[in-house]
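# Structure at a glance
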Amino acid sequence: MTSAHVVLARRPQGAPVPEDFRLETRELPAPREGQLLVEVLFATANPGSRNRMGGDASYARGMRLGETMEGPAVGRVLVSNHPEWRQGDLVTGAFGWAERALSSGRGLRRIPARTPSLSAWAGILNLPGLTAYFGLRDVAGFKPGETLIVSSAAGPVGATAGQIARLMGGRAIGIASGAERKRWLLEEAGFAAVIDRSAPDLADALIAAAGEGGAQVYFDNVGGPVLDAAIRALGQRGRIVVSGQIADYNRPDGERSGTRRVHEFIGKRLRMEGMVVFDYAERFGEAEREIEGWIADGRLKFREHIVDGLAALPALFCAQLRGEIFGRALAKVAS
Ligand SMILES: NC(=O)c1ccc[n+]([C@@H]2O[C@H](COP(=O)([O-])OP(=O)(O)OC[C@H]3O[C@@H](n4cnc5c(N)ncnc54)[C@H](OP(=O)(O)O)[C@@H]3O)[C@@H](O)[C@H]2O)c1
């Protein structure tokens, strides 16, 4: 059986361009005993994948040239020679930018037959939503009555973190670009305040929005100068969750920015902790059930930007890293 794949054709120099990818057709062998063949329904343009395209390992291994571009996906089982899966089962897994994929079943998660949204399993019910859930609750230890500052607040991780903070009885201050994102965050997602990332007085605006005593948690999706502004708005014993550093993803190692405000960690007794969502893999089910419930009763909103077909993914991924995509960036591969 043949399958279309988008592969890494060359290593990006700085910001990725569509020419860094190649669409090719492969022959897939029939699934062996213990394997299943999955048809991909939704593939994702995942900003964190940029880290692996240089070939160096981050928390996941670097990609090889010619390898299928990685990313979580939603699929349907076409053929199963695996005791736990049946033809027609809906599933999420790291199938990448592929039309079809063979799997041993490792790392697959079952999608309930009745779900409020199938595409959400490639976004808010997948790594972005799970990162927000565990980052806020377990890494930051966010508590009712606290104030959260979150960067890239309109993205799938940031928007989910801000809304979970609200659902936990706290308030969320978002940092995001442009009037459309600001309106959505305030009117649909229930953020208490939104500050434009390009505001010349970003730190002052965050300090004013946080109010007396400052914010308790900063959920950092971007790093760079935004991190320094957020540190200024944290109060005593503030906690910083390092989820992502998108401002640095296209930069070589020596040119990454880092924070210049370490001195504030002393007087404010701040704590900063990195996270990898896969550390919580055994508890994904708990988060999925809670997030699904919030979606079903309309308390958790999410945005998607869906393009048609695998071939559209390279341009989508590049646009995503330029900050042009509002919502989870997905390609509909089959229906
Ligand atoms: N640690 C983990 O286990 C884990 C797992 C999944 C994802 N993540 C990370 O979570 C972060 C958010 O992921 P996401 O999928 O929700 O993507 P996302 O936030 O939608 O990423 C794109 C957004 O980042 C912002 N951005 C782009 N360039 C920037 C720059 N130079 N400086 C500051 N902001 C910039 C833009 O938003 P605005 O212009 O509106 O600010 C842009 O729309 C990513 O860094 C990702 O790698 C971490």
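Residues numbered from 1 in each chain as written. Predicted model: local features only at pLDDT ≥ 70, side-chain atom pairs only at ≥ 80, totals over all residues. Heavy atoms only, no water.

By nearness alone, 26 residues border the ligand, and S152, S177, R197, Y249 and V277 come closest of all. Between S243 and the ligand, the recorded distance is 2.9 Å, taken from a backbone N or O atom to a nitrogen atom. For the ligand, the accessible surface in isolation is 930 Å², of which the surrounding protein chains cover 92%. Both domain 1 (2-123 + 303-332) and domain 2 (127-278) contribute no fewer than three residues apiece to the shell around the ligand. (Near = heavy atom within 4 Å. Polar contact = N/O pair within 3.5 Å; in protein donor to acceptor, adjacent residues only side chain to side chain. Areas by Shrake-Rupley, 256 points an atom, 1.4 Å probe, with all protein chains shown as cover. Domains from an automatic or database assignment.)

Relative to the assigned elements, N221 resides in the loop between β11 (215-220) and α5 (224-233). Within polar-contact distance, the side chain of N221 engages the backbone oxygen of S151 at 2.9 Å. Here the side chain of N221 touches S243 through a polar contact of 2.8 Å, side chain to side chain. Residue contacts for N221: discarding those within four places in its chain leaves V150, S151, S152, V157, G158, S243, G244, Q245 and I246. (Helix = DSSP H or I, 4+ residues; strand = E, 2+ residues; numbered from the N terminus. Contact = heavy atoms within 4.5 Å.)

Glancing now at helix α8 (residues 313-321). When you tally the buried positions in α8, you get eight out of nine residues, the bulk of the element. Of the positions making up α8, those classed as buried are L313, P314, L316, F317, C318, A319, Q320 and L321. Its buried side turned inward, α8 meets β1 (2-8), β2 (21-27), β3 (36-44), β14 (304-308) and β15 (328-332). Directly beyond the C-terminal end of α8, a positive phi value near 85° is found at G323. (Buried < 20%, exposed > 50% of the residue type's maximum accessible area, 1.4 Å probe, protein only.)

Before going further, it helps to examine the sheet that holds strand β13 (residues 271-274). Sheets are built from strands paired through backbone hydrogen bonds, the pairs being either parallel or antiparallel. Pairing is parallel in the open sheet, where six strands are placed in the order β10-β9-β8-β11-β12-β13. Both outer strands of the open sheet, β10 (193-196) and β13, are each paired with one neighbouring strand and no more. With direction set aside, neighbouring strand axes in the sheet form an average angle of 20°. Taken together, the five bridges between β11 and strand β12 (residues 234-242) define a ladder with parallel strand orientation. Pairing of F219 across the sheet is with V241, part of β12. On the sheet, helix α3 (residues 179-187) packs against β9 (171-176) and β10 and is oriented at approximately 165° with respect to β10. The strands that helix α4 (residues 202-210) touches are β8 (147-151), β9, β10 and β11; relative to β9, the one it contacts most, it runs at about 165°. (Pairing = 2+ DSSP bridges. Axes fitted to C-alpha atoms, helices over the stretch in contact; angles between N-to-C directions.)

Its location among the elements puts Q163 in helix α2 (residues 156-167). Leaving out residues up to four positions away in the same chain, Q163 has contacts with W184, A189, F191, R299, L300 and K301.

Further remarks concern the pairing of β10. For β9 and β10, the ladder comprises four bridges, and the chain directions are parallel. Within the sheet, the bridge partner assigned to G174 lies in β10 and is V194. Each parallel crossover has a hand, and the one from β9 via α3 to β10 is right-handed. (Right-handed = clockwise from strand over helix to strand, strands pointing away.)

Now for the domain arrangement of the chain. Taken domain by domain, the chain holds domain 1 (2-123 + 303-332) and domain 2 (127-278). Summarising the inter-unit geometry, the C-alpha centres of domain 1 and domain 2 are found 28 Å apart. Between domain 1 and domain 2 lies a buried interface of about 1500 Å² when both sides are counted; carbon and sulfur atoms form 60% of it. Remark: the boundary between domain 1 and domain 2 carries one salt bridge. In this structure, the salt-bridge partner of R303 is E180, at a minimum N-O distance of 3.9 Å. On inspection of domain 1 and its partner domain 2, the count reaches three residue pairs in polar contact (both at pLDDT 80 or more). Residue classes in the side of domain 1 that touches domain 2 are distributed as eight nonpolar, six polar and five charged. (Buried area = accessible area lost by both parts, 1.4 Å probe. Salt bridge = Lys/Arg side-chain N within 4 Å of Asp/Glu carboxyl O. Nonpolar A, V, L, I, M, F, W, Y, C, P; charged D, E, K, R; others polar.)

Moving on, we come to the packing of aromatic side chains. Following the criterion strictly, the structure yields eight aromatic pairs and no others. With a centroid separation of 6.5 Å and 45° between ring planes, the pair formed by Y133 and W294 is classed as tilted. Within this pair, whereas Y133 is found in helix α1 (residues 127-139), its partner W294 is found in helix α7 (residues 284-296), the two being separated by 161 residues in sequence. The pair formed by Y133 and W294 is uniform in burial state, with each residue classed as buried. (Phe/Tyr/Trp six-rings, centres within 6.5 Å; stacked < 30°, edge-to-face > 60°.)

In this structure, R237 is a non-glycine residue whose phi angle is positive, near 60°. Topologically, R237 is positioned in strand β12. Of note in the backbone geometry, R269 takes a positive phi value of approximately 55° without being a glycine. Looking at where R269 falls in the secondary structure, it is placed in the loop between α6 (263-268) and β13. Look at R269 and you get partly exposed, because its relative accessible area is 46%.

This part is about empty space enclosed by the protein. Under the counting rule described, the total for this entry stands at one cavity of 30 Å³ or more. One number sums up the size of the largest cavity: a volume of about 90 Å³. Lining the largest cavity are 18 residues, with I124, P156, F302, R303 and R328 sitting closest to its centre. When contributions to the lining of the largest cavity are tallied by element, the ones reaching two or more residues are α2 and β15. Sort the elements by how many residues they give to the lining of the largest cavity and α2 lands first, with three residues. Counting contributing residues, the lining of the largest cavity receives three or more from each of domain 1 (2-123 + 303-332) and domain 2 (127-278). (1 Å grid on protein atoms, 1.4 Å probe; cavity = no way out; pocket = protein on both sides within 12 Å on 5 of 7 lines; lining within 4 Å. Points joined across faces, edges and corners; volume = space filled by probe spheres on them.)

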